[in-house]
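Structural features, examined
Each chain, written out:
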Amino acid sequence: MRHSQCTAAKATQQHNRSVPGFADLTFESWAVPICIGVTCKSSYQVCYDVVEFTEDIILRDISRFSGELFVSSGEHPRSSTQSICKSILEECSSSFNCYIARTVCGRRALGPRVGLFVNTRFEVIEANCRYLGIPFTFNWLMLPLFGIQLAWRLAIASWRCPFHYIRCAQGRVRSISSRVRRTLHGSSDDIGWLQQTPGMAPVEDGTARFLELLECIRNGEHTLPDSFVYLLIPGLFSNHGPLYFVATKKFFSKKGLACHIAKIHSEASVEHNAWELKQYIEELYWGSGKRVMLLGHSKGGVDAAAALSMYWSDLKDKVAGLALVQSPYGGTPVASDILREGQIADRETRRIMEFLICKLIKGDIRALEDLTYEKRKEFIMNHKLPEEIPLISFHSEASVAPGVLATMTHIAHAELPWLPLPNFGGEESDNSAQAGRQVPVVIPVSAAMAVCALHLQLRYGEKSDGLVTCRDAEVPGSVVVRPNQKLDHAWMVYSSWKKNPTEPDPCEMCEALLTQLVEIGKSEQGKKGVGSSSTSNSTT
């Protein structure tokens, strides 16, 4: 053993002599680092995992801070980190803790497998441990600045919030005021738009001739020919009124005239009913060989006019004329005021109408939408009535007297088979006695029409039958009939519970209208014949 130690000492002396400058080193310059390195090497084997974990946390914080601090200036984070480490090394003291930090950082820089006693002159050692305190110190120094920035942002936010709420309140007030104005304005600009639109054909007053024909009919002079088939077209909600046009059909049938009531879905859209009427007219024409005279009440007149406008090429040889009775050809303010968008409670009102029409009645909401001014303007501009078809427009004014409120309208019959009730319709027949008693169903329709007419008169200053204004019922290019009698919208199709024998009934008025329509058709044919003959004479 002593021989081996001597051999090692000699080898060491030879090595020292062979290394240039090594002999110049003093004992303090190399003995102390070697002792510290040996101690660190032995402790490294024990706490390597703890130190490595701590280093990872420290280096991650340092790299994050150095990246945020120097990337914006264009300097690479690694080079900036090395420069900071060198500057810190110069200021670092020679304490044991700082030395251990240098050796640990040197190990991190050279790799975990390199000995900690390498580089005894401390030229490649980094001082990352000292760098650990920089982010926390910097954050503490920046804390007042962060507080000022936070206070400034809070001040700006507190300043902006009132303005935001003020702007929202202003927008809400403007929206509400716009809805209120739109609701109060209503249909003021739409009523009578047919007379205000340029290019519309003028109307002709035929009231005098109508009153003459009506007087003749009341005196027993019936001149309505049987060379036509007369088709009565009911209006909106007619499917729920069993007596709709029934009395008029019976009256015509007793005169020996072919009269029918169109079986259409009254709560369907105008275009849908126009297609059904087109097929219905063709069936009547091919079945009887006679041309068809049309009389439509309320929406039924609008459906009939739509059928002629859309399918005139197929119906021009099959239809002889059209009479529109209290029809909202230009639209109605009632439908527009209910379904107008942008007014107060427009969505809630539409939901209610959809529930009533679609759910309860099993209809289509478009049946009511098609009677608004917006839809009627669009349809009339796209589908105009043919000029060669004879047209009559009949409209009336409802009475708003207090006595009308007590008027009841007979709309249906209810059969009660086993109750011995008195007969309301006259003498009892054997069939009716066996089937049971018929009890009339009466409702105050006239009272409701009077209230609606008073509303339209007070709000818009327009005369109406309760649902349709007089100006909107006049079809351009037609012969207009304006009776002097006060008649509401339901009077023409339902009989009143109290009848006045001195006044004409709805059946007689329908006959007078169709008789006048036949006369208009004959006069137009005569004018065409005279025009064609004059043209041929001038040619010869």
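It should be emphasised that the depicted structure is a prediction, and the values quoted were computed from it without experimental measurement. (Residues numbered from 1 in each chain as written. Predicted model: local features only at pLDDT ≥ 70, side-chain atom pairs only at ≥ 80, totals over all residues. Heavy atoms only, no water.)

In terms of regular secondary structure, the chain is built from 19 helices and ten strands. A buried classification covers 39% of the 540 residues belonging to the chain. Put simply, 80% of the contacts in the chain that link residues at least 6 apart link residues at least 24 apart. For the chain, the accessible area works out to roughly 31500 Å², and carbon and sulfur atoms hold 59% of it. (Helix = DSSP H or I, 4+ residues; strand = E, 2+ residues; numbered from the N terminus. Buried < 20%, exposed > 50% of the residue type's maximum accessible area, 1.4 Å probe, protein only. Contact = heavy atoms within 4.5 Å. Areas by Shrake-Rupley, 256 points an atom, 1.4 Å probe, with all protein chains shown as cover.)

Enumeration over the complete set of coordinates arrives at zero disulfides. No disulfide involves Cys 259; its sulfur sits 8.9 Å from that of Cys 510, the nearest cysteine. In this structure Cys 259 comes out as buried when scored by relative accessible area, which is 6%. (Disulfide = S-S within 2.5 Å.)

Inspection of every chain in the model, using the stated rule, returns six aromatic pairs. Residues Tyr 244 and Phe 245 carry aromatic rings whose centres are separated by 5.5 Å and whose planes lie at 80 degrees to one another, so their mutual orientation is edge-to-face. Each member of the pair, Tyr 244 as well as Phe 245, is classed as buried. Between Arg 376 and the ring centre of Tyr 329, over which it is positioned, the NZ or CZ distance is 5.2 Å. (Phe/Tyr/Trp six-rings, centres within 6.5 Å; stacked < 30°, edge-to-face > 60°. Lys NZ or Arg CZ within 6 Å of the ring centre and 35° of its normal.)

Quick look at the pairing of strand E3 (residues 258–261) now. Along a regular strand, successive side chains alternate from one face of the sheet to the other. Side-chain alternation along E3 places Cys 259 and Ile 261 on a buried face and Ala 258 and His 260 on a face that remains uncovered. Handedness of the β-α-β unit built from strand E2 (residues 228–233), helix H9 (residues 246–254) and E3 comes out right-handed. (Right-handed = clockwise from strand over helix to strand, strands pointing away.)

Most of E2 is tucked away, with six of its six residues classed as buried. In the sheet, E2 pairs with strand E4 (residues 291–297) via six bridges, with the strands oriented parallel. Residue Val 229 lies in a different strand from E4, and its bridge partner there is Val 292. Pairing of E2 with E3 involves four bridges; the strand directions are parallel. Pairing of Val 229 across the sheet is with Ala 258, part of E3. (Pairing = 2+ DSSP bridges.)

Our next topic: the pattern of salt bridges. This model, assessed by the stated rule, comprises 17 salt bridges. Across the salt bridge formed by Arg 482 and Asp 205, the nearest N and O atoms sit 3.3 Å from each other. In this pair, Arg 482 is assigned in the loop between strand E9 (479–481) and strand E10 (495–496) and Asp 205 in strand E1 (residues 204–205), connecting sequence segments 277 residues apart. On the basis of relative accessibility, which here comes to 30%, the residue Arg 482 falls in the partly exposed class. Where Arg 350 meets Glu 354, a salt bridge forms, and the shortest distance between an N and an O atom there is 3.2 Å. (Salt bridge = Lys/Arg side-chain N within 4 Å of Asp/Glu carboxyl O.)

Attention now goes to unusual backbone geometry. We note that Ser 298 has phi near 55 degrees; this positive angle belongs to a residue other than glycine. For Ser 298, the position within the fold is in the loop between E4 and helix H11 (299–310). One non-glycine residue with positive phi stands out, namely Gln 326, at about 50 degrees. In this fold, Gln 326 is placed in the loop between strand E5 (319–325) and helix H13 (333–339). A residue is classified by how much of its surface remains accessible, and Gln 326, at 0% relative accessible area, is buried.

Now for helix H10 (residues 270–288). Here H10 contains 19 residues, and its C-alpha end-to-end distance of 26 Å stays within 8% of the 27 Å for a straight helix at 1.5 Å per residue. Of all the residues in H10, the buried ones are Val 270, Asn 273, Ala 274, Leu 277, Lys 278, Tyr 280, Ile 281, Glu 282 and Leu 284. Elements that come into contact with the buried residues of H10 comprise E2, E3, E4, H11, helix H12 (312–315) and E5. Looking one or two residues past H10, Gly 289 carries a phi angle of roughly 75 degrees, positive in sign. (Expected span 1.5 Å × (residues − 1).)

Moving on to the sheet that holds E5. Within a sheet, neighbouring strands are paired by backbone hydrogen bonds and run either parallel or antiparallel to one another. Read from one edge to the other, the open sheet built from seven strands follows the order E1-E9-E6-E5-E4-E2-E3, with strand pairing classed as parallel. Bordering the open sheet on either side are E1 and E3, each of which pairs with just one other strand. Across the sheet, H9 touches E2 and E3, and the angle it forms with E3 is around 165 degrees. Seen against the sheet, H10 touches E2, E3, E4 and E5 and runs at an angle of roughly 155 degrees to E2. (Axes fitted to C-alpha atoms, helices over the stretch in contact; angles between N-to-C directions.)

This next bit is on the packing of H10 against H11. Their axes nearest at 8 Å, the elements H10 and H11 cross at an angle of 70 degrees. When the interaxial angle is binned, H10 and H11 end up roughly perpendicular. Helix-helix and strand crossings are classified by hand; for H10 and H11 the assignment is right-handed. From H10, Val 270, Glu 271, Asn 273, Ala 274 and Leu 277 reach across to H11, where they touch Lys 299, Val 302, Asp 303, Ala 304, Ala 306, Ala 307 and Met 310. Taken together, the residues that form the contact of H10 with H11 break down as eight nonpolar, one polar and three charged. (Parallel < 35°, antiparallel > 145°, perpendicular 65-115°, else oblique. Left-handed = near helix turned anticlockwise from the far one by under 90°. Nonpolar A, V, L, I, M, F, W, Y, C, P; charged D, E, K, R; others polar.)

Checked against the element boundaries, Thr 332 lands in the loop between E5 and H13. For Thr 332, the contacting residues outside a window of four places in its chain are Leu 371, Tyr 373 and Leu 467.

In a regular helix each residue adds 1.5 Å, so twelve residues correspond to 16 Å; helix H8 (residues 207–218) covers 16 Å between its end C-alpha atoms and thus fits that length. Restricting attention to buried positions, one finds in H8 the residues Thr 207, Phe 210, Leu 213, Leu 214 and Ile 217. Each buried residue of H8 sits inside an arc of 125 degrees when the element is viewed along its axis, so together they form one side. Positive phi appears at Gly 220, one or two residues downstream of H8, with a value of about 100 degrees. (Arc of directions from axis to C-beta.)

When pLDDT is averaged along the chain, the result is 74, and 63% of the positions lie at 70 or above. Long-range and interchain partners of residues 1–47, a stretch whose pLDDT sits below 50, account for 14 contacts in this model, where long-range means more than four residues apart. Low pLDDT, under 50, characterises residues 424–435; the stretch is placed with nine contacts to residues that sit more than four places away or in other chains. (pLDDT = per-residue confidence, 0-100.)

Taken together, the side chains of Glu 271, Glu 341, Glu 374 and Glu 378 present a region of like negative charge at the surface. As for its placement among the helices and strands, Glu 341 is situated in the loop between H13 and helix H14 (346–360). The exposure class of Glu 341 is exposed, given its relative accessible area of 64%. (Patch = residues over 30% accessible without salt bridge, like charges linked within 9 Å, V, L, I, M, F, W, Y side chains within 5 Å. Lys, Arg positive; Asp, Glu negative; His and termini not counted. Charge placed at Lys NZ, Arg CZ, Asp CG, Glu CD.)

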